[in-house]
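Summary of the model geometry
Residues per chain are reported as follows:
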Protein chains: 2
Amino acid sequence: MKKQKIITISRQFGSAGRTIGKKVAEKLAIPCYDDEILQKVAAESGFHPDFLKDQGEYYVSHTFFGGALAGRNVNGYNGYSIQDEIWIVQSKIIQELGAKEPCVIVGRCADYLLRDVADCLKVFIHADMDFRAKRIVEVYGERNEKPLKRLADKDKRRKKFYKYYTGLEWGDAKNYDVALDSGRLGIDACVDVIVNLYRMKEQRETD
Amino acid sequence: MKKQKIITISRQFGSAGRTIGKKVAEKLAIPCYDDEILQKVAAESGFHPDFLKDQGEYYVSHTFFGGALAGRNVNGYNGYSIQDEIWIVQSKIIQELGAKEPCVIVGRCADYLLRDVADCLKVFIHADMDFRAKRIVEVYGERNEKPLKRLADKDKRRKKFYKYYTGLEWGDAKNYDVALDSGRLGIDACVDVIVNLYRMKEQRETD
């Protein structure tokens, strides 16, 4: 069966990865999945979206105490953490979405989850601390007084989470087809690059 | 003084980074410096180009024995290795080239060396082992019977060298404006992305 051509966007917090994903999807007239995934996971798992938002990128160590304290299983402790359960539900949803139709999926290790299911253009968006700090205050409306600390913490958490569930290094260029610095290149330039690469990918098939 | 807009291309061995650099330079009608740098370093340092080619990306540990054994100084041991001396001559040449005119410079940590001297579009080109193994045998004419081992060795060496002289992680997406997988995207697509980003960079200035 022909695999769907989709775009996965991994991104540093504050790097405008989500905005870029939405703009790319608009230009290509395909759906962009971001918060929609959270809603679907919430509906399927029973967890509240706010809880998922917070826990969805936490890694919990599977030592006895970590596992036992984090575990929450109706049938008693089975070695899974809450994060594992969220991961399982989320993986299934992402794999269904990615196999169904061309789309953009932001975050959630979709590049890894869809490696065998879809024909992915794997994108990573990053930017330096100053660009991101300014953005999380001005655009996201974050009121944290120490945005640099908040960014460093988020980066560390996403890196750990990605490594734990995929075994790969988050932000290592070789895991992506294209990695772009949105701060230095500008958001619109990033959108153009991704749209063009996607169109070339489509073109290659029809040639 | 206005900084020159240049393109630096770091690349994994066998990833076609040099070919991409040459094609980009052709399209933009600017010079591409690669082996020319080696020739200049040879002329200035007195070392033979073949020796430079081999040593130019070796990192030598500066322990007493490493330094003492690798050192070769007319005035006796001064703590520099041959690699350090090559590095110093090469750095000067690259900084002069990068400050002079728009150009493409392939390899040699030019992105790092020119960080304050030129306005660089910093590119990293990579590809998976199979693509690169095929290429070093077919295109470069390498006769090594174990191309995968040769690639792994080269990667390791470049990474260590880059880290030693720049303090940065070679291949970490965040050190580059754009990182591209030439195996998955194709050489021409990589050329297009770089040419377009460079033109957008020029455009931004004239707007």
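This text follows the structure it describes.
In what follows, the accompanying structure is described.

Conventions adopted
Residues numbered from 1 in each chain as written. Chains lettered and ligands numbered in written order. Predicted model: local features only at pLDDT ≥ 70, side-chain atom pairs only at ≥ 80, totals over all residues. Heavy atoms only, no water. Pairing = 2+ DSSP bridges. Helix = DSSP H or I, 4+ residues; strand = E, 2+ residues; numbered from the N terminus. Contact = heavy atoms within 4.5 Å. Buried area = accessible area lost by both parts, 1.4 Å probe. Salt bridge = Lys/Arg side-chain N within 4 Å of Asp/Glu carboxyl O. Polar contact = N/O pair within 3.5 Å; in protein donor to acceptor, adjacent residues only side chain to side chain. Nonpolar A, V, L, I, M, F, W, Y, C, P; charged D, E, K, R; others polar. Least-squares fit on C-alpha atoms with pLDDT ≥ 70 in both. Buried < 20%, exposed > 50% of the residue type's maximum accessible area, 1.4 Å probe, protein only. Lys, Arg positive; Asp, Glu negative; His and termini not counted. 1 Å grid on protein atoms, 1.4 Å probe; cavity = no way out; pocket = protein on both sides within 12 Å on 5 of 7 lines; lining within 4 Å. Points joined across faces, edges and corners; volume = space filled by probe spheres on them.

The strands making up a sheet associate through backbone hydrogen bonding, with each pair oriented either parallel or antiparallel. Pairing within the open sheet is mixed, and its ten strands lie in the order β2(A)-β3(A)-β1(A)-β4(A)-β5(A)-β5(B)-β4(B)-β1(B)-β3(B)-β2(B). A single partner strand is all that each edge strand has here, and the edge strands are β2 (32-33) of chain A together with β2 (32-33) of chain B. Sheet topology note: the strand β4 (residues 119-126) of chain A/strand β5 (residues 178-181) of chain A ladder contains four bridges and is parallel. Following the sheet pairing, Ile125(A) is matched in β5(A) by Leu180(A).

Interface size is often expressed as the accessible area that is lost when the parts come together. Each partner contributes to the interface: chain B provides 26 residues, whereas chain A provides 26 residues. Between chain B and chain A, a total of about 1900 Å² is buried, with carbon and sulfur atoms accounting for 54% of that surface. The largest contributions to the chain B side of the interface with chain A come from Asp177(B), Arg184(B) and Leu185(B), which together make up 29% of the buried area. Across the contact surface, chain B and chain A share two salt bridges. Residue Arg184(B) pairs with Asp177(A) through a salt bridge whose shortest N-O separation is 2.3 Å. At the junction of chain B and chain A, the tally comes to 13 residue pairs in polar contact (both at pLDDT 80 or more). Among the secondary structure elements, those contributing two or more residues to the side of chain B that touches chain A are β4 (119-126), β5 (178-181), α9 (182-185) and α10 (187-206) of chain B. Per element, the largest residue contribution to the side of chain B that touches chain A is eight residues, and it comes from α10(B). In terms of residue class, the side of chain B that touches chain A is built from 13 nonpolar, four polar and nine charged. Across three bridges, β5(A) lies against β5(B) in antiparallel orientation.

The next subject is the relation of the copies chain B and chain A. Once chain B is rotated about the relating axis by 180° and shifted along it by 0.0 Å, it coincides with chain A to within an RMSD of 0.0 Å. Both chain copies can therefore be described as sitting about a two-fold axis. Interface overlap between copies is the fraction of interface residues in one copy that are interface residues in the other; for chain B against chain A it reaches 100%, indicating a shared surface.

Counting through the fold element by element, Asp181(A) comes out in strand β5. One buried charged residue, Asp181(A), forms no salt bridge at all, with the nearest opposite charge on Arg184(A) at 4.6 Å. A polar side-chain atom of Asp181(A) sits 3.0 Å from the main-chain amide nitrogen of Arg184(A). With near-sequence residues (within four places) excluded, Asp181(A) lies in contact with His126(A), Ala127(A), Asp128(A), Gly186(A), Cys190(A), Tyr176(B) and Asp177(B).

Attention now goes to the pattern of salt bridges. All names here are of chain A. In the structure shown here, the tally under the stated rule is 30 salt bridges over all chains. Across the salt bridge formed by aspartate 188 and lysine 23, the nearest N and O atoms sit 3.3 Å from each other. Placement of aspartate 188 in helix α10 (residues 187-206) and of lysine 23 in helix α1 (residues 17-28) is noted, with a sequence separation of 165 residues between them. Among the ionic contacts, a cluster of salt bridges with common partners joins Arg18, Asp34, Asp35 and Arg108.

Turning our attention to unusual backbone geometry. For Ala16(A), which is not glycine, the phi torsion reads 75° and is therefore positive. Assignment of secondary structure puts Ala16(A) in the loop between β1 (5-11) and α1. Positive phi, close to 60°, is recorded for Arg108(B), a residue that is not glycine. Relative to the assigned elements, Arg108(B) resides in the loop between β3 (104-106) and α6 (110-113).

Once that is clear, we can look at empty space enclosed by the protein. Counted under the stated rule, the structure contains one cavity of 30 Å³ or more. Its volume calculated, the largest cavity comes out at about 40 Å³. Every residue along the wall of the largest cavity is listed here: Asp192(A), Val193(A), Asn196(A), Met200(A), Asp192(B), Val193(B), Asn196(B) and Met200(B). Elements that contribute at least two residues to the lining of the largest cavity include exactly α10 of chain A together with α10 of chain B. Classifying every residue of the lining of the largest cavity by side-chain character gives four nonpolar, two polar and two charged.

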